[in-house]
Amino acid sequence: MKFYSTRNKTEAVSFKDAIFRGLAPDGGLYMPENAPDLSELINSFTPDTPFNEIAASITQALLSEELDEAAAKRICDRAFDFIPELVGVDDNISIMELFHGPSCAFKDFGASFLASSMEEFLRTDSRKATILTATSGDTGSAVARAFYEKENIDVIILYPSGRVSPLQEKQLTTLGKNIRALEVEGSFDDCQRMVKEAFLDRELSDKLNLTSANSISLGRLIPQSFYYIWAWAQAAADSDNADRSNLWFCVPSGNFGNLTAGIMAHSWGMGNRGFIAATNINDVVPEYLKSGEYNPRASKLTLSNAMDVGNPSNFERMLELFEESHEKMSDLIKEKVITDSETAETIRELLSDKNYECDPHTAVGYLASKRFLESADAVEIDGKAPRIISLSTAHPGKFTEVFDEATGKKPELPARLEKVLKLEKVSTVVGNTLEEMKAVIS
Ligand SMILES: *Cc1c(COP(=O)(O)O)cnc(C)c1O
């Protein structure tokens, strides 16, 4: 399989080139050039098929020209020492917890797979690379953890001094070894600008073999399809609904990478009925689904802040997948928009009614799932009621303040986050210019 840019379909590149480039030279996002029919493979998985086996089989099926079976298995085994978990909360709704990875958020799946893929290619080519990335807090930790101790790769992470939460800062600055944290005296925008300038500085970029690991990377998108397919296989265990044809996935969305990966899995032959795009009041995509009008705008701050995106990058990929057809997209994807007060109420209710602790993003998804079941779109198929797998994208312990505010209680902190809080921070403070950064990294 080859990959092309959403903005230029004539030039196809390999998976390897796509992941080391990150963004295509024309500014577009890389996409698979076609949707292979993997339905036979996808339907051969059973509830007993281990997650890693599903991941390796799909990787191999997609990338057979570049990776043999052993390499695909190696990449997946090195990437995933954590797996998703399904928790039944209602008769028709299960929550798929995607936060059992090292940074306690679903972004661990994408970042880990990208890191092991890069490690595999660099080892084969005897090359070294440096990941340079900026973070406003949350997403950097998934990258830092994913690349920790990977061979031939150094990581430099820029974050705005004093503007990330104490837990986030600890997650970025306590790893050491090949992970270096630069604490920038400036804003997140300064960090992003410095990263951009560094990539444009040919001498620096060549010397360090700079590459990016940001969320739009194809190498982070593809592995996000694995847990949908795994959940699809798990759903076969339910004899009530063995045909699974009325299964929906509800996806709390911001930049829409997670949902795009689900749509890709569907296009490869996963037979779920559809998806529910759940957002906070940053609702440009829901608005498009309803009206056919796409009006990107500045984002607004909400409690589910990892989804505060006003111009989602992956919308470009979604349009490609549906051949720009609003009708096709709105048939497969239904939308639900959830406010902050509803989010807090849902966190409270899930705790009091189901004794289930959830983070604000997961709450948006869960309430969207319930709303969907009450809507006119929730129709039976062959006498079967719709069933929803609602994605949980982060551990509640990452959003203690919101949880505390909503419930008056502190969420349980997983041991791996608890441990990080006790480690000592090591960072290099730098000014907010490329020159100052260069002085410390080259
Ligand atoms: C990134 C993130 C999201 C949004 O995912 P997208 O792929 O950008 O739509 C949702 N929840 C959490 C916790 C996240 O970190």
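It should be noted that the structure appears before, not after, this text.
Residues numbered from 1 in each chain as written. Predicted model: local features only at pLDDT ≥ 70, side-chain atom pairs only at ≥ 80, totals over all residues. Heavy atoms only, no water.

**Some words on the side chain of Thr 49**
Thought 1: The residue Thr 49 is located in the loop between α2 (39-44) and α3 (51-62) in this model.
Thought 2: Those residues within four positions of Thr 49 in sequence are excluded, and the remaining contacts are Ile 54 and Trp 230. (Helix = DSSP H or I, 4+ residues; strand = E, 2+ residues; numbered from the N terminus. Contact = heavy atoms within 4.5 Å.)

**A closer look at the sheet that holds strand β6 (residues 129-134)**
Thought 1: Taken in spatial order, the five strands line up as β9-β6-β7-β8-β14 in an open sheet, and their pairing is parallel. With partners counted over all chains shown, the strands left at the sheet margins are β9 (210-211) and β14 (428-430), one partner each.
Thought 2: The pairing of β6 with β9 spans two bridges and is classified as parallel. Following the sheet pairing, Ile 131 is matched in β9 by Thr 211.
Thought 3: Along the sheet, helix α5 (residues 107-125) contacts β6, β7 (153-160) and β9; its crossing angle with β7, the most-contacted strand, is approximately 145°. (Pairing = 2+ DSSP bridges. Axes fitted to C-alpha atoms, helices over the stretch in contact; angles between N-to-C directions.)

**Regarding the site of the ligand**
Thought 1: The local shell around the ligand holds 15 residues, among which Lys 107, Gly 254, Asn 255, Phe 256 and Thr 393 are the closest.
Thought 2: A distance of 2.5 Å separates an oxygen atom of the ligand from a polar atom in the side chain of Lys 107.
Thought 3: Contacts to the ligand include Thr 393, whose side-chain N or O atom sits 2.8 Å from a nitrogen atom.
Thought 4: A total of 380 Å² of accessible area belongs to the ligand in isolation, and the protein chains cover 95% of it.
Thought 5: Residues that form the shell around the ligand fall into these classes: six nonpolar, seven polar and two charged. (Near = heavy atom within 4 Å. Polar contact = N/O pair within 3.5 Å; in protein donor to acceptor, adjacent residues only side chain to side chain. Areas by Shrake-Rupley, 256 points an atom, 1.4 Å probe, with all protein chains shown as cover. Nonpolar A, V, L, I, M, F, W, Y, C, P; charged D, E, K, R; others polar.)

**Here's the deal with the pattern of salt bridges**
Thought 1: Taken as a whole and judged by the stated rule, the model has 27 salt bridges.
Thought 2: We note a salt bridge from Arg 193 to Asp 190, for which the minimum N-O separation is 3.1 Å. Highlighted residues: Arg 193 and Asp 190, both in helix α8 (residues 188-200), separated by three residues, approximately one helical turn.
Thought 3: Using a relative accessible area of 32% as the deciding quantity, one classes Arg 193 as partly exposed.
Thought 4: A residue is classified by how much of its surface remains accessible, and Asp 190, at 16% relative accessible area, is buried.
Thought 5: One salt bridge in this structure joins Glu 323 and Lys 328, with 2.6 Å as the shortest N-O distance.
Thought 6: What makes Lys 328 partly exposed here is its relative accessible area of 45%.
Thought 7: Put simply, Arg 74, Glu 120, Arg 123 and Glu 151 are held in one network by salt bridges that share partners. (Salt bridge = Lys/Arg side-chain N within 4 Å of Asp/Glu carboxyl O. Buried < 20%, exposed > 50% of the residue type's maximum accessible area, 1.4 Å probe, protein only.)

**Observations concerning the sheet that holds strand β1 (residues 3-5)**
Thought 1: Pairing in this open sheet of three strands is antiparallel, and the strands run β2-β1-β3 from one edge to the other. Since the sheet does not close on itself, it has two edges, and those belong to β2 (8-13) and β3 (30-32), each with one partner. Taking each pair of neighbouring strands and ignoring which way they run, the sheet shows an average axis angle of 40°.
Thought 2: As defined by bridge partners, β1 adjoins β2 across three bridges and the pair is classed as antiparallel. Across the sheet, Ser 5 pairs through a bridge with Asn 8, a residue of β2.

**Focus on the nonpolar core**
Thought 1: Membership of the largest hydrophobic core comes to 91 residues, with the highest contact counts inside it found for Ile 58, Phe 80, Phe 147, Tyr 228, Phe 249, Phe 275 and Ile 333.
Thought 2: Per-element accounting of this core gives the leading share, nine residues, to helix α11 (residues 224-235).
Thought 3: Counting residues in hydrophobic clusters, the runner-up holds 17 residues, among them Leu 132, Ala 134, Met 194 and Ala 198. (Core = buried A, V, L, I, M, F, W, Y, C linked by side-chain atoms within 4.5 Å.)

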